[in-house]
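# Fold and geometry: a report
Chain by chain, the residues:
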Amino acid sequence: MAWVHDTGYAPAYDHTGYPVSVLLDGTETASSSARTASEVIGWRSACECGWRGMQFYPRSEWLSRTGSAPDGVDGWETGTAAFAEWERHLDRVLPELAVYDLAKQLADVEERLHAAVQAARFAGLSWLRLGAVAGTTQNLAVRRWGPTGQHLRAAAPEWPPGS
Ligand SMILES: [Zn+2]
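Residues numbered from 1 in each chain as written. Predicted model: local features only at pLDDT ≥ 70, side-chain atom pairs only at ≥ 80, totals over all residues.

Within the protein chain one finds six helices and four strands. In the protein chain, the order of α-helices and β-strands from amino to carboxyl end is β-β-α-β-β-α-α-α-α-α. If you line up the protein chain on its principal axes, its C-alpha atoms span 70 × 30 × 25 Å. Here the protein chain, with 163 residues, has 18% of them falling under the buried criterion. Partitioning the contacts of the protein chain with sequence separation of at least 6, the portion at a separation of at least 24 is 48%. (Helix = DSSP H or I, 4+ residues; strand = E, 2+ residues; numbered from the N terminus. Buried ≥ 20, exposed ≤ 12 C-beta atoms within 10 Å, placed from the backbone. Contact = placed C-beta atoms within 7 Å.)

Pairing in this open sheet of four strands is antiparallel, and the strands run 2-1-3-4 from one edge to the other. Looking at strand neighbours, the two that pair on one side only are strand 2 (28-29) and strand 4 (52-58), the edges of this open sheet. When strand 1 (residues 17-23) meets strand 3 (residues 40-47), the two strands line up antiparallel, connected through seven bridges. Following the sheet pairing, Val20 is matched in strand 3 by Arg44. Along the sheet face, helix 3 (residues 81-93) touches strand 1, strand 3 and strand 4 and points at about 30° away from the line of strand 3. (Pairing = 2+ DSSP bridges. Axes fitted to C-alpha atoms, helices over the stretch in contact; angles between N-to-C directions.)

With respect to the secondary-structure elements, Glu111 resides in helix 4 (residues 97-122). Judged by local crowding, Glu111 falls into the partly exposed class, with 13 C-beta atoms found within 10 Å.

Among the eight residues that make up strand 3, six are buried, leaving the element largely enclosed by the rest of the structure. Pairing analysis gives four bridges linking strand 3 to strand 4, with the strands arranged antiparallel. Note on strand 4: the bridge partner recorded for Gly42 is Pro58. In this antiparallel pair of consecutive strands, strand 3 and strand 4, the connection spans four residues, and Gly50 shows a positive phi of 110°.

Attention now moves to helix 3. Between its first and last C-alpha, helix 3 extends 19 Å over 13 residues, near the 18 Å set by a 1.5 Å rise per residue. Residues Ala81, Ala82, Phe83, Glu85 and Trp86 constitute the buried set of helix 3. Looking at the buried residues of helix 3, the elements they touch are strand 1, strand 3, strand 4 and helix 2 (71-74). (Expected span 1.5 Å × (residues − 1).)

What follows is the structure, given as structure tokens:
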């Protein structure tokens, strides 16, 4: 199966990862077929940009009837093995990706927090109580979430910028 870092950051889409099969003659194939099934000697983490993981996963240690990488080698479900190597590759080639992802998550949380504050205000909660619950003061709560406070909210990142 292929791995895509699908959070909306366009440069990450140039780095689709997958466990590549290594054949008896040393060549690689991304797809498993009946022809290659018996020739697969193991797997390696790979990226469409050309990167290859250092770790070789020999088929003699990882049983595979079809020749495709077993879950323990793929690692997508558990965030380990070939998948984890590919994620470290992404961190190295796109060090800004974590910033983008966290800024996006922060904007999402800010949006949900703002909606929760509005719901609590609608239910009759005072700014004093809201400020205390949110770990701030009444004044800062009003400035942050009051009718004129929307400019203090984090903006969701866009890629490409200004789109
Ligand atoms: Zn890559």
